[in-house]
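Chain by chain, the residues:
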Amino acid sequence: MISKSTHYAKQGEVARNWVLIDAEGKVLGRLATQIAMILRGKNKPQFTPNSDCGDFVIVINADKVQLTGNKADHKTYYRHSGYNGGLKAESFRTAMERHPEEVIRRAVRGMLPKTTLGRAQLGKLKIYAGSEHPHAAQNPTKIELEA
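Criteria and cut-off values
Residues numbered from 1 in each chain as written. Predicted model: local features only at pLDDT ≥ 70, side-chain atom pairs only at ≥ 80, totals over all residues. Heavy atoms only, no water. Helix = DSSP H or I, 4+ residues; strand = E, 2+ residues; numbered from the N terminus. Polar contact = N/O pair within 3.5 Å; in protein donor to acceptor, adjacent residues only side chain to side chain. Core = buried A, V, L, I, M, F, W, Y, C linked by side-chain atoms within 4.5 Å. Buried < 20%, exposed > 50% of the residue type's maximum accessible area, 1.4 Å probe, protein only. Pairing = 2+ DSSP bridges. 1 Å grid on protein atoms, 1.4 Å probe; cavity = no way out; pocket = protein on both sides within 12 Å on 5 of 7 lines; lining within 4 Å. Points joined across faces, edges and corners; volume = space filled by probe spheres on them. Nonpolar A, V, L, I, M, F, W, Y, C, P; charged D, E, K, R; others polar. Contact = heavy atoms within 4.5 Å.

Colleague: Tell me about the environment of E102, and name the residues and values.
Modeller: Mapped onto the fold, E102 is located in helix α4 (residues 100-109). Sequence spacing of E102 and A62 is 40 residues, and the spatial spacing of their C-alpha atoms is 9.2 Å. Among the polar contacts listed, one links the side chain of E102 to the side chain of R105, at a separation of 3.2 Å.

Colleague: Explain the nonpolar core residue by residue, including any values.
Modeller: In this structure, L28, I35, I104, V108 and L125 are the most contacted members of the largest nonpolar core, which totals 29 residues. Secondary structure elements with two or more residues in this core: β1 (18-22), α1 (28-40), β2 (56-60), α3 (92-98), α4 and β5 (125-127).

Colleague: Kindly report on the pairing of strand β3 (residues 76-80), identifying the contributing residues and their values.
Modeller: The pairing of β3 with strand β4 (residues 87-91) spans five bridges and is classified as antiparallel. Among the inter-strand pairings, Y77 is bridged to a residue of β4, identified as E90. Hairpin connection of β3 to β4: six residues between the antiparallel strands, including G82 at a positive phi of 100°.

Colleague: Please provide a residue-by-residue account of the layout of surface pockets, values included.
Modeller: Approximately 190 Å³ is the volume found for the largest pocket. Along the walls of the largest pocket sit Y77, Y78, R79, E90, A95, R98, H99, E102, V103, R105, R106 and R109, which together make up its complete lining. Listed by contribution, the elements that provide at least two residues to the lining of the largest pocket are β3, α3 and α4. For the lining of the largest pocket, the element with the most residues is α4, which contributes five residues. Taken together, the residues of the lining of the largest pocket sort by class into four nonpolar, one polar and seven charged.

Colleague: If you had to explain the side chain of Q121 to someone new, which residues and values would you point to?
Modeller: Its location among the elements puts Q121 in helix α5 (residues 116-122). The exposure class assigned to Q121 is buried, which follows from its relative accessible area of 1%. For Q121, the residues in contact, after removing those within four places along its chain, are L39, R40, S51, D52, L112 and P113.

Following this line, the structure appears as structure tokens:
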């Protein structure tokens with residue numbers, strides 16, 4: 001009789017690759033879902049929900065990401081310092097001018113698990129505003145995402 005037990009990927013047997021994604025002209029939400037899928041490893045056949053089996057992701061041209069409709073005018077990012085009256089608000093346009101990398105990081109972070117595993121997976125995300133990145137030694141594979 002054939003054993004039909006499920007295989008769970010262990011930390012040592014996971015092959016990590018480097019993936020290069022060009023964000024120029026891409027929609028923020030659709031880009032973030034595909035980045036989160038690669039970071040979690042859901043595109044691999046040995047995906048295990050409680051193990052970090054995803055790849056490293058390099059995102060270039062983060063300053064050229066777009067939003068659909070009027071969201072570029074109306075989207076607001078909030079953060080709180082923890083003190084009374086410490087609520088800070090920032091519009092999408094000013095966030096893109098000041099730190100376009102954080103806009104993508106924040107979108108991807110919301111799609112990952114809110115656990116230690118999710119924080120470890122977010123650590124494998126490298127985002128750069130321009131088209132240059134210092135990870136040439138890792139020999140990243142460039143992939144084209146659907147628009």
